Amino acid sequence: MTTILNDDSGEILVYPRYFSSKNLLKELDSFGLQQESIVLFGKQVNQPRLSRLYGKKGTSYKYSGKLFTAIPWTGMLEELAEDCSRMCGVDFNTGLLNYYRDGNDSMGVHADDEKELGNNPVIASVSFGATRKMIFRKRETKEKVIVLLSHGDLLIMRGALQHQWKHELPKEKKVNEPRLNVTFRWVKMPSP
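This one's a predicted model, so the numbers in the text were calculated from it and none came from an experiment. Along each chain, the written sequence defines residue order, and numbers are assigned to residues from 1. This being a predicted model, a pLDDT of at least 70 is required before a residue's local features are given, and a value of 80 or more before pairs of side-chain atoms are given or counted; all residues contribute to the totals for chains, interfaces and linings. Side-chain metrics in this entry use all non-hydrogen atoms of the structure; hydrogen atoms and water are not considered.

J.: In this structure, what is going on with the overall build of the chain? I would like to understand it.
T.: A run of H or I in DSSP becomes a helix once it reaches four residues, and a run of E becomes a strand once it reaches two; helices and strands are each numbered from the N terminus. The helix and strand tally for the chain stands at two helices and 16 strands. Using C-alpha atoms as the atom set, the radius of gyration is obtained and then compared with a globule rule of 2.2 Å times the number of residues to the power 0.38. On C-alpha atoms alone, the chain measures out to a radius of gyration of 16 Å, which is about the 16 Å that the 2.2 N^0.38 rule sets for 192 residues. C-alpha atoms of the chain, sized along the principal axes, occupy 45 × 40 × 40 Å. For accessible areas, the Shrake-Rupley method is used with a probe of radius 1.4 Å. Any residue's cover is judged against the shown protein chains and nothing else. Accessible area of the chain: about 9,700 Å², with a carbon and sulfur share of 49%.

Structure representation (structure tokens):
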């Protein structure tokens, strides 16, 4: 394990090659990934990647002004969720799959600070495929931390991180291979 950050502003831990014996890319066709549109600065735009929300039956997750209903997870995806839940001590109920076809696909600067994630959420992120750069930027000081994530790496974000930092997966024109990432979260479900 490598500790990237551990202070009052949050915690970033990386377990290199933690899941290197697994490869969700082999199951890619079964996930029904699609290019979702979201509202960004008041305009409807296509996300620069393919994605799909999976999770426990009846879960959903709202971000960027859109509600996504989870497809029930099974197989290796469910196993990964259980492994990450044990590692983090959190009963994750959703897993957001993001598929980056190559270095032209990206994720903009954001924080996973939606209300339904609660205060100081724990998020586990698993990477398969190409090595990609994840950049963290501290909100107040603009301090920057760069983390390279490779096949099988497990990244854990917790503490005040989502409230104190933002993060992104920028475009990397020299990357020609795909990357599949799954971010596991516990999402508070609305009362019936």
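J.: Mind showing me how you'd approach the environment of C88 here?
T.: By secondary structure assignment, the location of C88 is in helix α1 (residues 75–88). Along the sequence, C88 and V122 sit 34 residues apart, while their C-alpha atoms lie 7.5 Å from each other. Only heavy atoms matter for contacts: two residues are in contact if any of them lie within 4.5 Å across the pair. Ignoring any residue separated from it by four or fewer positions in sequence, one finds C88 in contact with V122, A124 and I156.

J.: Sorry if this is basic, but what is going on with the sheet that holds strand β11 (residues 123–129) here?
T.: Strand pairing in a sheet takes place through backbone hydrogen bonds and is either antiparallel or parallel in direction. By this definition, two strands are paired if DSSP reports at least two bridges between them. Spatially, β1-β2-β14-β11-β16-β9-β5-β8 is the arrangement adopted by the eight strands of the open sheet, whose pairing is mixed. Edge positions in the sheet fall to β1 (2–7) and β8 (71–72), since each has one partner strand and no second. Relative to strand β14 (residues 154–158), β11 runs antiparallel, the two being bridged by four bridges. Residue V126 lies in a different strand from β14, and its bridge partner there is L154. All axes are obtained by fitting lines to C-alpha atoms, using only the stretch in contact for helices, and the reported angles, taken between N-to-C directions, cover 0 to 180 degrees. Contacts from α1 reach β2 (10–15), β5 (50–55), β9 (94–100), β11, β14 and β16 (179–185), with the element oriented near 55° to β16.

J.: Would you mind showing me how to read the pattern of salt bridges here?
T.: It is possible for side chains of opposite charge to pair when their charged atoms get near one another. Think of a salt bridge as a Lys or Arg side-chain nitrogen and an Asp or Glu carboxyl oxygen that are within 4 Å of each other. The full count for this structure, using the stated rule, is 10 salt bridges. One salt bridge connects D83 with K22, and the closest N-O pair in it is separated by 3.9 Å. With a gap of 61 residues between them, D83 in helix α1 and K22 in the loop between β2 and β3 (37–40) connect regions that are remote in the sequence. For the pair shown, D83 and K22 are each scored as buried. Remark: exposure states derive from per-residue accessible area (1.4 Å probe, protein chains only) relative to the maximum for the residue type, with buried under 20%, exposed over 50%, and partly exposed in between.

J.: For this particular structure, what's the right way to read the sheet that holds strand β12 (residues 132–138)?
T.: One open sheet holds the four strands; their spatial order is β10-β15-β12-β13, and the pairing between them is antiparallel. Of all strands in the sheet, those bounded by a partner on one side alone are β10 (107–110) and β13 (144–149). Between one strand axis and the next, the sheet turns by 15° as a mean value, whatever way the strands run.

J.: Looking at this structure, I do not really get the environment of L96. What am I missing?
T.: The residue L96 is located in strand β9 in this model. For L96, a relative accessible area of 6% gives the class buried. Between the alpha carbons of L96 and S125 there is a distance of 9.3 Å; along the sequence they are 29 residues apart. Not counting the four nearest positions on each side in its chain, L96 is found in contact with R52, L53, Y63, N181, V182, T183 and R185.

J.: Just checking my understanding: could you explain the nonpolar core for this structure?
T.: Among soluble globular proteins, nonpolar side chains are generally buried collectively. Counting residues in hydrophobic clusters, the biggest one holds 27 residues, and the most contacted among them are L24, L77, L180 and F184. Sorting the residues of this core by element identifies β5, α1, β9, β11, β14 and β16 as the ones contributing at least two each. For this core, the leading source of residues is α1, giving six residues. Excluding residues within four positions of it along the chain, F184 makes contact with W73, L77, L80, A81, C84, F92, T94, G95, V122, I123, A124 and V126. I123, M134, L149 and M157 belong to the second largest nonpolar core, which has 13 residues in total. The set of buried Ala, Val, Leu, Ile, Met, Phe, Trp, Tyr and Cys residues whose side-chain atoms join them within 4.5 Å is what this entry labels a nonpolar core.

J.: Looking at this structure, how should I read the layout of surface pockets?
T.: Over the atoms rolls a probe the size of a water molecule, and its path tells where empty space is left. Space inside the largest pocket adds up to approximately 690 Å³. What lines the largest pocket is a set of 34 residues, and nearest its centre among them are R49, M107, G108, V109 and H110. Counting only elements with at least two residues in the lining of the largest pocket, the list comes to β3, β4 (43–46), β6 (60–63), β9, β10, β15 (165–169) and β16. Looking at the lining of the largest pocket, its residues break down into 16 nonpolar, 10 polar and eight charged. Lining residues are defined by having an atom within 4 Å of a point belonging to a cavity or pocket. Those points lie on a 1 Å grid over the protein atoms alone, cavities being sets where a 1.4 Å probe fits but cannot get out and pockets being open sets with protein on both sides within 12 Å along at least five of seven lines. Grid points are joined across faces, edges and corners, and a volume is the space filled by probe spheres set on the points. Three categories are distinguished: nonpolar for Ala, Val, Leu, Ile, Met, Phe, Trp, Tyr, Cys and Pro, charged for Asp, Glu, Lys and Arg, and polar for the others, with Gly belonging to the last.

J.: Sorry, what's going on with the packing of aromatic side chains here?
T.: Each aromatic ring pair is characterised by the separation of its centres together with the angle its planes make. In this scheme Phe, Tyr and Trp rings, the latter by its six-membered ring, pair at centre separations within 6.5 Å, and the angle between planes marks the pair as stacked below 30 degrees, edge-to-face above 60, and tilted otherwise. Enumeration over the complete set of coordinates arrives at five aromatic pairs. Plain terms: the ring middles of F31 and Y54 are 5.8 Å apart, the flat faces sit at 80° to each other, and that makes the pair edge-to-face. Placement of F31 in the loop between β2 and β3 and of Y54 in strand β5 is noted, with a sequence separation of 23 residues between them. Between F92 and F184, the ring centres sit 6.3 Å apart and the planes meet at 35°, which makes this aromatic pair tilted. With F92 in the loop between α1 and β9 and F184 in strand β16, the pair connects residues that are 92 residues apart, well separated along the chain. Residue classification places F92 among the buried residues on the basis of a relative accessible area of 1%. On the accessibility criterion, F184 (0% relative accessible area) is buried. Three or more aromatic residues joined by ring pairs make a cluster, and in this case those are Y15, Y18 and F19.

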